[in-house]
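Residue-level listing of the chains:
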Amino acid sequence: MFKEIKTIIHYVPKVKMALFVLSIIANSVLNLATALIVQNATDIQGKTNNHNIFLFGIVSMLLYAYVSFAYFFANYMEDSIIYSAITNMKQKLLKVLVLKKTKYSNSEKISIFTNDMQLFSDRYLMQLLDIPSYLLIFFIPLIYMVSQNRLMGLLFVIGSILLPIPQSLLNRKLNDLGKKLSEKRAQLLSAASDEINGRTTLINNENVDSALVLGNKKIKESEKALFYSNIFLFIALSLSMLLKGVIQVIPFAIGLFLIANGDGLSFSILLALYLTSQQMGQPIQQVLMSLTHVQEMKNIRKKIFDLLFIKIDLDSKPSLKENNTFDYLDISNLSKNFEDKTIFKDFNKKIYFGSRVLVTGESGSGKSTLLKMISQEIAMDYGDISIVKKGENLGIPVGYVGFVSQEPFIFNGSIKYNLTLGQDFNDRILTDTLKKVNLEEIDLEYMIQNNGENLSGGQKIRLELARVLLRNKSLILVDEVTASLDKKNSKKIRDLIYSLSGVTIIEVAHHIDDESRYDNIITIGKEG
């Protein structure tokens, strides 16, 4: 927990944290205002004159003005901290989810970024900030009460602490009844849906009355669950009111007894203690509720903080070097298994710069797996894949490798955004790149809808190629790009790919009409 809090503080400006602490201290007298005003009003009885009354009115209004401002200040600072923390955490989280390989699928990543982060904000971070605030709202009045009269202050405080305990137990029972009611309603919905949707079948089979027995049973169970839930709610409210009365009346009666016996306790102090104690149960209940929410968020917290602790070393800036050439791609002793199936075993290959390589083989033999290992999308079990330049192993620098698949991801937005992806490129360079891939007929500001619905399959692939060329990728991995295209468009795409100069192309394909265009053909068998 301490590490989590330290991480949150890291994402919030120090000035905001200091102001937040100041704001909750200022707001800690929230529940004292009415008691102080009543105590002051009682004290001036018998001393009433215009001056005292005017002074009382001014002081009381200023006190309420202070309380109102302190309440606003505390809530503003809490929201401000949540804004800073969640904004910065989401930015880091988005970068991790985009750039780093994790155990989560894309749909799970989206759920973490949206649903889980919303729960994290509402049911963890907000509750975490509420706890010190409500503790101060409880302890400052406690100090005030004990300072006024130690015995009576402690009696009222003990009553305030005890009150939430039975209420919490009653709430648990209410929650259990609520869950049971939800289950019974779900069963009723299921039975009613079946009988209504299957009415034709029931009528045709002359079985309506018998089939409705189940629905009628579920109606009774659902309504009975609602009845018992409401009755227990009324009992809980009645017991809470009785308990509250007993816990508050007993100390008040003891106080009256002490006043009657001249024990030095004034009625104004007793009244102020009584009014203050009425407000002390709520902060304790809020703290208990916040702690419960924090505990309930344990799994989501772990998921989010584990992702936030991941270091980002990958440089996502575009590589605009004019010379991304290399000597060769070295695949050495490559091994890869999926469960009990061997895909590659001690596979070795050198692919020289500028060559056109075809990777072919039966379905499931590992063709696409090879490309994904070269691009580092998936890890190899053993071996090494590295770009070699001037005798130096460079690994697989992101700036060298481009990947073109048969289903490129197209963003909703303009052609320009889909090319630049938010990076800074000159419009002239963008237009020249579109010409290289035969997309000059589409304007840079042309808006793409529904992730490329208004583009043809061939246009999507050419757009993906344009992205690769724009960033001067020198090793282009092409994965079944023509599989979903007709013969005419397939030829156009292949002609375009083979016309590219100054690049190395490794293509996975099932069916090739003209293998003479390739410098090398790698045939992968089913067992590697």
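Model, not experiment: these values are computed from the prediction.

K.L.:
So, the nonpolar core: which residues are in play, and what are the values?
P.N.:
Residues L419, L463, I476 and I497 are the most contacted members of the largest nonpolar core, which totals 35 residues. The element contributing the most residues to this core is helix α16 (residues 457-470), with 7 residues. Look past the residues within four positions of I476 in its chain and what remains in contact with it is G402, V404, V468, L500, V503, T504, I505 and I506.

K.L.:
Describe in detail the environment of P251, supporting the description with residues and values.
P.N.:
Its place among the elements puts P251 in helix α9 (residues 208-260). Judged by its relative accessible area of 4%, P251 is buried. Distance from P251 to L155, taken between C-alpha atoms, is 6.0 Å for residues 96 residues apart in sequence. Those residues within four positions of P251 in sequence are excluded, and the remaining contacts are M152, L155, F156 and V246.

K.L.:
Mind laying out the packing of helix α5 (residues 106-148) against helix α6 (residues 150-162), listing which residues take part and the relevant values?
P.N.:
Two numbers describe how α5 lies on α6: the axes approach to 6 Å, and their chain directions differ by 150°. By the angle between their directions, the pair α5 and α6 is classed as roughly antiparallel. Between α5 and α6 lies a crossing of right-handed hand. The segment α5 lies against α6, with F138, L142, M145, V146 and Q148 engaging R150, G153, L154, F156, V157 and I161.

K.L.:
Describe the sheet that holds strand β2 (residues 341-352), naming the residues involved and giving the relevant values.
P.N.:
Ordered in space as β2-β1-β4-β5, the 4 strands form an open sheet in which the pairing is antiparallel. Whereas interior strands pair on both sides, the edge strands pair on one side only; in this sheet they are β2 and β5 (392-393). Contacting β1 (328-338), β2 and β4 (382-389), helix α13 (residues 367-374) crosses the sheet at an angle of about 120° to β1.

K.L.:
Explain the pattern of salt bridges to me, and be specific about the residues and the numbers.
P.N.:
For side chains of opposite charge, pairing can occur when their charged atoms come near one another. The full count for this structure, using the stated rule, is 13 salt bridges. Note that K218 is salt-bridged to E221, the shortest N-O span being 3.6 Å. Of this pair, K218 and E221 both sit in helix α9, 3 residues apart, which is roughly one turn of the helix. Since its relative accessible area comes to 15%, K218 is described here as buried. Residue classification places E221 among the partly exposed residues on the basis of a relative accessible area of 22%. Residue D381 is joined to K336 by a salt bridge in which the shortest nitrogen-to-oxygen separation is 3.7 Å. Here D381 is found in the loop between α13 and β4, whereas its partner K336 is found in strand β1, with 45 residues between them in sequence. Since its relative accessible area comes to 45%, D381 is described here as partly exposed.

K.L.:
How would you summarise the packing of helix α4 (residues 50-99) against helix α12 (residues 298-308) if you had to cite specific residues and measurements?
P.N.:
The contact between α4 and α12 brings their axes to 9 Å, and the two run at 75°. Here α12 runs roughly perpendicular to α4, going by the angle between their axes. Facing α4, whose interface residues are M89, K92, L93, V96 and L97, α12 presents F305, L307 and L308. Broken down by class, the residue content of the contact of α4 with α12 amounts to 7 nonpolar, no polar and 1 charged.

K.L.:
Provide a residue-level description of α12, including the pertinent values.
P.N.:
For α12, every residue scored as buried is listed here: I300, R301, I304, F305, L307 and L308. Buried residues along α12 cover an arc of 155° about the axis, so they all sit on one side. Set apart from the buried face of α12 by more than 90 degrees, the exposed residues are N299 and K302. In this structure, the buried residues of α12 make contact with α1 (2-10), α4, α5 and α11 (281-296).

K.L.:
Quick one: what's the story with the packing of aromatic side chains, residue by residue and with numbers?
P.N.:
For the coordinates displayed, the defined rule picks out 17 aromatic pairs. Ring centres of F72 and Y76 lie 5.9 Å apart, and the angle between their planes is 25°; this geometry places the pair in the stacked category. You can see F72 and its partner Y76 sitting in helix α4, 4 residues apart, about one turn around the helix. F72 gets classed as exposed once you look at its relative accessible area, which sits at 51%.

K.L.:
Go over the confidence of the model for the protein chain, please, and point to the residues and values.
P.N.:
Looking at the protein chain, the pLDDT average stands at 85 and 95% of residues meet or exceed 70. No element of the protein chain has a lower mean pLDDT than helix α8 (residues 199-204), which averages 74, and none a higher one than helix α2 (residues 14-26), which averages 93.

K.L.:
So, the sheet that holds strand β9 (residues 475-479): which residues are in play, and what are the values?
P.N.:
Hydrogen bonds between backbone groups are what pair the strands of a sheet, and the pairing can be parallel or antiparallel. Spatially, the 5 strands line up as an open sheet ordered β6-β9-β10-β3-β11, and their pairing is parallel. The open sheet has two free edges, formed respectively by β6 (401-405) and β11 (520-524), since each of these has just one partner strand. Sheet twist, expressed as the mean angle between neighbouring strand axes with direction ignored, is 15°. Alignment of β6 against β9, held across 5 bridges, turns out to be parallel. Bridge assignment links F403 to a residue of β9, and that residue is L477. The sheet contacts of α13 involve β3 (356-361), β6, β9, β10 (504-508) and β11, and relative to β9 the element is tilted by about 150°. In this fold helix α17 (residues 487-499) packs onto β3, β9 and β10, with an angle of close to 150° to the strand it touches most, β10.

Rules behind the numbers
Residues numbered from 1 in each chain as written. Predicted model: local features only at pLDDT ≥ 70, side-chain atom pairs only at ≥ 80, totals over all residues. Heavy atoms only, no water. Core = buried A, V, L, I, M, F, W, Y, C linked by side-chain atoms within 4.5 Å. Buried < 20%, exposed > 50% of the residue type's maximum accessible area, 1.4 Å probe, protein only. Helix = DSSP H or I, 4+ residues; strand = E, 2+ residues; numbered from the N terminus. Contact = heavy atoms within 4.5 Å. Axes fitted to C-alpha atoms, helices over the stretch in contact; angles between N-to-C directions. Parallel < 35°, antiparallel > 145°, perpendicular 65-115°, else oblique. Left-handed = near helix turned anticlockwise from the far one by under 90°. Pairing = 2+ DSSP bridges. Salt bridge = Lys/Arg side-chain N within 4 Å of Asp/Glu carboxyl O. Nonpolar A, V, L, I, M, F, W, Y, C, P; charged D, E, K, R; others polar. Arc of directions from axis to C-beta. Phe/Tyr/Trp six-rings, centres within 6.5 Å; stacked < 30°, edge-to-face > 60°. pLDDT = per-residue confidence, 0-100.

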